[in-house]
Amino acid sequence: MMKESRSDNRKRREMTESFTVRLTDPMVYDKLSILCAEYSVSAELLINEAVRRLLDDIAFVRSLRTGTSGLRQPANCLPDPDR
């Protein structure tokens, strides 16, 4: 596992943009609040992960449409023992 230095973290923060996300669905807001409290993480972290996964899903669907799907297993999944 590679560790990042503080200067790398500072550079990354400087390169990010700030967005305001308005949640119009009260159920989504409630679930987000519950997850934040349950796992002691910030809403920003959960929203970033959700957006990252959404973008990955969109890229996957686009690759299926173009026939360039490189079906690979996500890094956080264990390999299938039956294979």
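(A) A look at the confidence of the model for the chain. Of the residues in the chain, 64% have a pLDDT of 70 or more, and the chain-wide mean is 79. Averaged pLDDT values over the elements of the chain bottom out at 63 in helix α1 (residues 6-15) and peak at 94 in helix α2 (residues 26-39).

(B) Just helix α3 (residues 43-66), in detail. Between its terminal C-alpha atoms α3 stretches 35 Å, which fits the 34 Å expected from 24 residues at 1.5 Å a residue. Count one or two residues on from α3 and you reach G67, which has phi positive near 80°.

(C) A look at α2. Over its 14 residues, α2 extends 20 Å from the first C-alpha to the last, a length consistent with the 20 Å expected when each residue adds 1.5 Å. Where α2 begins, the side chain of D25 points an oxygen toward the backbone nitrogen of M27, at a separation of 3.0 Å. Just beyond α2, the residue with positive phi is S40, at close to 55°.

(D) Representation of unusual backbone geometry in the model. Positive phi outside glycine occurs at S40, with the angle close to 55°. Counting through the fold element by element, S40 comes out in the loop between α2 and α3.

What counts as what
Residues numbered from 1 in each chain as written. Predicted model: local features only at pLDDT ≥ 70, side-chain atom pairs only at ≥ 80, totals over all residues. Heavy atoms only, no water. pLDDT = per-residue confidence, 0-100. Helix = DSSP H or I, 4+ residues; strand = E, 2+ residues; numbered from the N terminus. Expected span 1.5 Å × (residues − 1). Polar contact = N/O pair within 3.5 Å; in protein donor to acceptor, adjacent residues only side chain to side chain.

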